[in-house]
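Take a look at the letters that make up each chain.
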Amino acid sequence: MASGDDDDPIIEEIDVYLAKSLADKLYLFQYPVRPSNMTYDDVNHLAAKIKPKQQRVELEMAINTMSPNYCRSKGEQIALNVDGSTYDETNTYSAKMMDKQTFSSIQATTNTSRYAAAVFRKGELHITPLTGILQMRPSFSYLDKADSKTREREAANEGGDSSQDEAEEEAKAITVRFARPESEQARQRRIQSYEFLQKKQAEEPWVHLHYHNIKDSRSEHEKQYLFCQSADASENSELVKTPKEYLAMLMPPLTEEKVVKPVGPSNVLSMAQLRTLPLGEQVKTLMKNVKVMPFANLMGLLASGTDSTAVLRCIQQVALLVQGNWVVKSDVLYPKNTCSPHSSVPAEVLCRGRDFVMWRFTLERSLMRKEIASIIKLPPEDVKEFLEHVAVPRINRGWEFLLPTDEDFVRKHPDITHRQHMLWLGIQSKLEKVFNFSKEDFMPKNCPQPDPVHVSGEERLKMAQERAQEKQSSLQKDLDTKRAGSSVHVKQEPVSDREDEPMDTSSSIPNGFVNGYPSATSPGFDHTNSNGTPSQELQDFMIKTFRKHFVLTLNELKRLFNLHLASMPAGHRVFHSISDHMLQDAMLSCQCKQIMVPFPTQSTASPDEQKVFGLWETGEEFDKHRRLLFDLFTKNYRVRRNMIQARLAEEFGEVSKADVDRLLKECCSSHAGMWYLKGTIQS
């Protein structure tokens, strides 16, 4: 060490001072696209602004339009593309040529704790910590403005001068789906998304600054703050350290780094993370993801050496035995106080329907979806989801159970098989009360036969319809007898120009109950009051629905009514098999009227789609605007916005844009520059 010190002697000692006056305000600007010998010191700075939290800076600098290197025609063309030919105070280039450019910053580094600006004077080194290091690059946001101007002009040219008889683009069907409740992981991913970060950055306001040239007196004054204002070294405690503290700063002790687990998608299961959970949670998580699994496969997914008895104890809490395989319970998939992602049907109703599907699979290998849907009365998307969990579609055989019967498990565990059989008997008794059926209604098809006969779906459906017709006649006789012997007034429907069919909400097996509710064929059930007016429950549904939608076709109203029936809790009286006339009477009694829309002769709309109803009276001042709009659509089945505005101005004087927007949003839909009443756009 001594010889090394002699070879490298100390020639000078320099005092180092820490200046803090500009510690939170000092930024280093870098211009990576500009040579170091071509500075912007002499360029006229027109404006400057900053977002302190984001450390984002924008500078506007003048361009020398008199330079021989400046192309005047190009500058004028750019200004014309950006601002257009009309003068406005909001124009980017007021001189009608590109006479300025904007520089926008990006952070060169987010951690500036190791960087400082230093000034050497009179044998002293004064250092000031940097707040940020920013790279200034030219911004081309004016090109985005020019592009948006071009799109606006093209849109105006396309939609401004076309006639009412112009050819329309072919409409596309849109599937409406309800969004799932956002999970915590989904929320974290959304917060980390580029769109969310852009939105948060846009929320911080700009702080406008005054720029001072490098030779300005204010700049010279600010430079003095780069020097430490106090000559007393005791105040610079940061630079006064003991040898031990200084050594610790140079070689900090090793610390265990915390490994941050990446947030994966909610439907991806990590086996490494899974095996850190308790055994019960492992089984529940696996069953919730796989839906149906043999016991041998479940044991293979768990860690080696896991006690099979403990696994059997856990799986019986989250799954049920179907054909020797374990199927996850419905209340695990659809927890309480949740709803269907497809139709917003409550979880309680979904669990009843899925339990019925699973119970049917304990009796037979294959099911027909139409037959299931006609009994549980749920939207087709939910029924399909139930079947996809545990079955696969087969040609001419409906939906077949996903796995073969696990005879090995049934033989090895007769006690568990018997216990599960007793559980299914309890579930069956509950389902019989809800859906009003008996086990004999469904013939088991899993009996061993030497040559199994496969019946096509059409034949199965025909057989179900024949059984329903046989029972329908006896039930109708009983109903007529009871009505004849009672004093209940049965409302007579007026005869229309076509046969008025009831809504298709009834079961193919007319058992008098649907989802545990009395149906229209049940004794003593009537949808009208004794004076012939629609019941209060039906009127409440109409008022609530039309206050939300304002305009509905009869076809759309039936769809909403079916969803309303499916979402009602058990034990609540509902309306079942209501005819079109009942619905129309209820609408008319709730201040709604039919709008006679003149559909074109080549229209493909069904009769129910051509019956359009609108909310006529709500007690608001805005009702008169709505009635005028309905009157317009009795003359044309599609109109332009300017025609609507002209009629409103003619009748009520000047009408604000907000009122017109509200009117169109409530009652209409637009397509190809035209406005239609909701539900009347032709596909």
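Residues numbered from 1 in each chain as written. Predicted model: local features only at pLDDT ≥ 70, side-chain atom pairs only at ≥ 80, totals over all residues. Heavy atoms only, no water.

Participant: Hey, could you go over the pairing of strand E22 (residues 674-677) for me, with residue numbers and the actual values?
Facilitator: Because side chains alternate across E22, one face comprises the buried residues Met674 and Tyr676, and the other comprises Trp675 and Leu677, equally buried. Between strand E21 (residues 668-671) and E22, which pair antiparallel in sequence order, lie two residues; one of them, alanine 672, sits at a positive phi of approximately 55°. (Buried < 20%, exposed > 50% of the residue type's maximum accessible area, 1.4 Å probe, protein only. Helix = DSSP H or I, 4+ residues; strand = E, 2+ residues; numbered from the N terminus. Pairing = 2+ DSSP bridges.)

Participant: Can you tell me about the sheet that holds strand E19 (residues 592-595), naming the residues and giving the values?
Facilitator: Reading across from one edge, E18-E20-E19 is the order of the three strands in this open sheet, with antiparallel pairing throughout. Edge positions in the sheet fall to strand E18 (551-553) and E19, since each of these pairs with one other strand and no more. Geometrically, the sheet is characterised by an average inter-axis angle of 30° between neighbouring strands, direction not taken into account. Bridging between E18 and strand E20 (residues 612-615) involves three bridges; their strand directions are antiparallel. Considered in E20, the bridge of leucine 552 is made with phenylalanine 613. (Axes fitted to C-alpha atoms, helices over the stretch in contact; angles between N-to-C directions.)

Participant: Which residues make up the sheet that holds strand E10 (residues 292-293), and what values go with them?
Facilitator: Ordered in space as E10-E12-E11, the three strands form an open sheet in which the pairing is antiparallel. Since the sheet does not close on itself, it has two edges, and those belong to E10 and strand E11 (319-322), each with one partner. In terms of strand pairing, E11 meets strand E12 (residues 325-328) through four bridges, oriented antiparallel. If you follow alanine 319 over to E12, its bridge partner there is valine 328.

Participant: Any chance you could break down the state of the cysteines for me, citing the residues and the numbers?
Facilitator: Per the counting criterion, the structure on display carries zero disulfides. Cysteine 667 carries a free sulfur, and the closest cysteine sulfur to it, the one in cysteine 668, is 5.8 Å from it. Relative accessible area serves as the criterion here: at 0%, cysteine 667 is assigned to the buried category. (Disulfide = S-S within 2.5 Å.)

Participant: An account of the side chain of arginine 626 is requested, with residue identities and associated values reported.
Facilitator: Here arginine 626 is to be found in helix H23 (residues 623-632). With residues up to four places along the chain from it excluded, the contact list for arginine 626 reads Phe550, Leu615, Thr618, Glu620, Arg662, Leu663, Glu666 and Cys667. (Contact = heavy atoms within 4.5 Å.)

Participant: Any details on the pattern of salt bridges? Residues and values, ideally.
Facilitator: Per the counting criterion, the structure on display carries 27 salt bridges. Across the salt bridge formed by glutamate 58 and lysine 49, the nearest N and O atoms sit 3.7 Å from each other. Take glutamate 58: its relative accessible area is 16%, and that puts it in the buried class. In this structure, the salt-bridge partner of arginine 218 is glutamate 222, at a minimum N-O distance of 3.2 Å. Placement of both arginine 218 and glutamate 222 in helix H6 (residues 217-223) is noted, with a separation of four residues, approximately one turn of the helix. Among the residues examined, arginine 218 registers a relative accessible area of 44% and is labelled partly exposed. Its relative accessible area of 29% is what places glutamate 222 among the partly exposed residues. (Salt bridge = Lys/Arg side-chain N within 4 Å of Asp/Glu carboxyl O.)

So, to be careful, I would describe these as geometric facts and stop short of saying anything about function.
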